[in-house]
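# Coordinates in review
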Amino acid sequence: MKLIVGLGNPGKKYEQTRHNSGFLVMDALAHLCHTNISQNKWNALISQVRIGAEQVILMKPQTFMNESGIAVRQVFDFYKMALEDILVIHDDMDLKVGSLRIRQKGSSGGQKGMKSIQQHLNSQMIARIRVGVGHSEKGVHEKVPDWVLSSVFPEEKAIFQQTIEQAAKACYEWVNEPMDLVMNRFNKKG
């Protein structure tokens, strides 16, 4: 059993925001898997699918970003999972829009959803895909919450959507491919 978790905030007002990049990737992945992530379980919306030989849970925690670890821990305990069977997708302000970074482990980098997961699982050994959402321009959105809760600019939409789709393909391949291969194939700068 593997778990792929896209981070975001529930609710209509957050749907198309930079901070919901993880949810957007999960929707694109669900489309690839011909499913909907709609079953309400473990403080999350989930779907259970088969990708190749693996059973996979696709998850969108509904606890709001800063408490994402609650939902992840419930699934982790229920299935007695190994840390290497978890992949988390989240936004990253330190990467330009159009960038994608896949890592096997590391710090949260200040991303509060990832930090919550690491705290609840007591480990930084969790694979993640970071979707670039860029930094605000000075004077436009000076506060981080205002920036990440804004939508991408119209001129960024095409590259942002391509990045979301590439991240979904990377998730799909991660299930049955070695992480090094997935990293080599999908890590890209914007």
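Look above for the structure.
Residues numbered from 1 in each chain as written. Predicted model: local features only at pLDDT ≥ 70, side-chain atom pairs only at ≥ 80, totals over all residues. Heavy atoms only, no water.

It is worth spelling out the pattern of salt bridges at this point. All told, the structure shown has four salt bridges when counted by the stated rule. Linking Lys-60 and Asp-27 is a salt bridge whose minimum nitrogen-to-oxygen distance equals 2.8 Å. Of the two residues, Lys-60 sits in strand β4 (residues 54-61) while Asp-27 sits in helix α1 (residues 21-32), which places them 33 residues apart along the sequence. With a relative accessible area of 38%, Asp-27 lands in the partly exposed category. A salt bridge links Arg-130 to Asp-92; its shortest N-O distance comes to 2.6 Å. Placement of Arg-130 in strand β7 (residues 127-132) and of Asp-92 in strand β5 (residues 86-92) is noted, with a sequence separation of 38 residues between them. Both residues of the pair, Arg-130 and Asp-92, belong to the buried class. (Salt bridge = Lys/Arg side-chain N within 4 Å of Asp/Glu carboxyl O. Helix = DSSP H or I, 4+ residues; strand = E, 2+ residues; numbered from the N terminus. Buried < 20%, exposed > 50% of the residue type's maximum accessible area, 1.4 Å probe, protein only.)

Scanning the model with the defined rule gives three aromatic pairs in all. Taking 5.4 Å as the distance between ring centres and 55° as the angle between the ring planes, the aromatic pair formed by Trp-42 and Phe-78 counts as tilted. Here the residue Trp-42 occupies a position in the loop between β2 (39-41) and β3 (44-51), and Phe-78 occupies one in helix α2 (residues 68-79), the gap between them amounting to 36 residues. The exposure class of Trp-42 is buried, given its relative accessible area of 12%. Each ring, one from Phe-78 and one from Tyr-79, has its centre 4.9 Å from the other, and the planes form 80°; the classification is edge-to-face. Cation over ring: Lys-2 sits above Trp-174, and NZ or CZ is 4.8 Å from the ring centre. Lying across the ring of Phe-23, Lys-60 places its NZ or CZ 5.2 Å from the centre. (Phe/Tyr/Trp six-rings, centres within 6.5 Å; stacked < 30°, edge-to-face > 60°. Lys NZ or Arg CZ within 6 Å of the ring centre and 35° of its normal.)

Any functional reading would require information that these geometric values do not contain.
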